[in-house]
Amino acid sequence: MKKTFTYVFTVLLACVTLSTYAQEQPRIPEASSTQTIIQDFGLGKVTVTYSRPNVKGRKIFGGINPYGQVWRTGANAATTITFSENVLVEGNKVPAGTYSLFSIPEQNSWTIILNKTAKQWGAYSYKQADDLLRFTVKPVTVKEKRETFTMQFANSTTKTTDLYIVWDHTAVPMHLQTDDDAQITANIDKLMQGDIKKRPYFNAIQYYYENDKDLKKAMVWVSEAEKLEPNAPWYKLWKARIQLKMGNKAAAITTAQQGIKLAKASDDDEYVRLNEAVIAQAKD
């Protein structure tokens, strides 16, 4: 009995000691911090997770990152990029999924690689046989130095976005495009057949206008929306924009003037300005 008690006490003491030791361990930040960026894109999202080294006075490309060699595109684990929906990357079809994003820097062009092995440490176990896609892009020299390696989205619309690799004085753009127009159009058509009071008129009209789809159909939706919200200056705006795109400048000016009147009545300076912009464009 005494031996059993002694054993149990020893085990408990060891657990407490280990727990206390673990709690007392100092936390040390990573030299290259980790960042995750997420961009809404079409019907889905694009997510990039990468680590961010600093220049620290070193020569970067052609230096610590030699030209012509596969790079993890960051530090620590290889950078990963996740597409929740099918996309086009520089015109190439990429299925939804998570990929490692490697690159091969050169002075006048970069090779960007999407590799099907998503979780890798660095590029040490990289296998070209596992590549899904390779393509080349042109680097751009930027005047302002970027001390910390950065990946960022820019120029984002409902259908396109640019993903930039930026470090030191170099920026490398990649153009992404959604591959879901057919699905979005089908979704819109289905929703627009439902209860007239629940139809997503604003989003449907905007999508058709911005993506150069059937503008006559969009005009029908505008007319229906105006009946539901006769005092809404935003529908006058989109109607004027559609009329202008269809080449009817006079009608666009008249509609935008109506939109300005409605916007002023509701103290909506934004839609006053937006409708005025249509008039200015029509008169240009």
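Reading the values: the criteria
- Residues numbered from 1 in each chain as written.
- Predicted model: local features only at pLDDT ≥ 70, side-chain atom pairs only at ≥ 80, totals over all residues.
- Heavy atoms only, no water.
- Helix = DSSP H or I, 4+ residues; strand = E, 2+ residues; numbered from the N terminus.
- Rg over C-alpha atoms; globule rule 2.2 N^0.38 Å.
- Buried < 20%, exposed > 50% of the residue type's maximum accessible area, 1.4 Å probe, protein only.
- Contact = heavy atoms within 4.5 Å.
- Areas by Shrake-Rupley, 256 points an atom, 1.4 Å probe, with all protein chains shown as cover.
- Lys, Arg positive; Asp, Glu negative; His and termini not counted.
- Charge placed at Lys NZ, Arg CZ, Asp CG, Glu CD.
- Phe/Tyr/Trp six-rings, centres within 6.5 Å; stacked < 30°, edge-to-face > 60°.
- Lys NZ or Arg CZ within 6 Å of the ring centre and 35° of its normal.
- Polar contact = N/O pair within 3.5 Å; in protein donor to acceptor, adjacent residues only side chain to side chain.
- Expected span 1.5 Å × (residues − 1).
- Pairing = 2+ DSSP bridges.
- Axes fitted to C-alpha atoms, helices over the stretch in contact; angles between N-to-C directions.

As a further point, take the overall build of the chain. Check the secondary structure of the chain and you find seven helices and ten strands. Expected size for 284 residues packed as a compact globule is a radius of gyration near 19 Å; at 28 Å, the chain overshoots this value by more than 25%. Principal axes of the C-alpha set define a box for the chain whose edges measure 95 × 60 × 35 Å. Here the chain, with 284 residues, has 42% of them falling under the buried criterion. Within the chain, counting contacts between residues at least 6 apart in sequence, those at least 24 apart form 54% of the total. Total accessible area on the chain is roughly 16,500 Å²; 52% of this is exposed by carbon and sulfur atoms. Within the chain, the 29 negative side-chain charges are centred at a point lying 4 Å from the centre of the 36 positive side-chain charges.

Turning our attention to the packing of aromatic side chains. For the structure shown, the criterion picks out 15 aromatic pairs. An aromatic cluster of three or more residues is present, and its members are Tyr50, Phe61, Trp71, Trp110, Phe149 and Trp167. Across the ring face of tryptophan 238, the terminal group of arginine 241 is positioned such that the distance to the ring centre comes to 4.6 Å. The ring of tyrosine 209 carries the charged tip of lysine 245 above its face, separated from the ring centre by 4.0 Å.

For lysine 239, the location among the structural elements is in helix α5 (residues 233–245). Of the residues examined, lysine 239 reaches a relative accessible area of 17% and is grouped as buried. A polar side-chain atom of lysine 239 sits 3.5 Å from a polar atom in the side chain of glutamate 226.

Before going further, it helps to spend a moment on helix α7 (residues 269–283). If you check α7, its first and last C-alpha atoms are 21 Å apart, about what 15 residues at 1.5 Å a residue would give, namely 21 Å. Those residues of α7 not exposed but buried are Tyr271, Val272, Leu274, Asn275, Val278, Ile279 and Ala282. Its buried side turned inward, α7 meets α3 (201–210), α5 and α6 (249–265).

Attention now goes to the environment of lysine 245. Its location among the elements puts lysine 245 in helix α5. Taking the C-alpha atoms as reference points, lysine 245 and aspartate 162, 83 residues apart in sequence, are found 26 Å from one another. With residues up to four places along the chain from it excluded, the contact list for lysine 245 reads Tyr209, Asp212 and Leu215. Separated by 2.8 Å, the side chains of lysine 245 and aspartate 212 make a polar contact.

Within a sheet, each strand pairs with its neighbour through backbone hydrogen bonds, oriented either parallel or antiparallel. Ordered in space as β1-β2-β3-β6-β7-β8, the six strands form an open sheet in which the pairing is antiparallel. Edge positions in the open sheet fall to β1 (33–41) and β8 (131–137), since each of these has one partner strand only. Going from strand to strand, the sheet's axes swing by 20° on average, the running direction of each strand aside. Direction of pairing for strand β2 (residues 44–52) relative to strand β3 (residues 80–83): antiparallel, over a ladder of four bridges. Of the residues in β3, the one forming a bridge with valine 48 is isoleucine 81.

What follows deals with unusual backbone geometry. A positive phi angle, close to 60°, is found at asparagine 76, a residue other than glycine. By the element assignment, asparagine 76 lies in the loop between β2 and β3. Residues other than glycine seldom take positive phi values, yet aspartate 267 does so here, at roughly 55°. In this structure, aspartate 267 sits in the loop between α6 and α7. On the basis of relative accessibility, which here comes to 69%, the residue aspartate 267 falls in the exposed class.

Just geometry here; none of it tells us what the structure is for.
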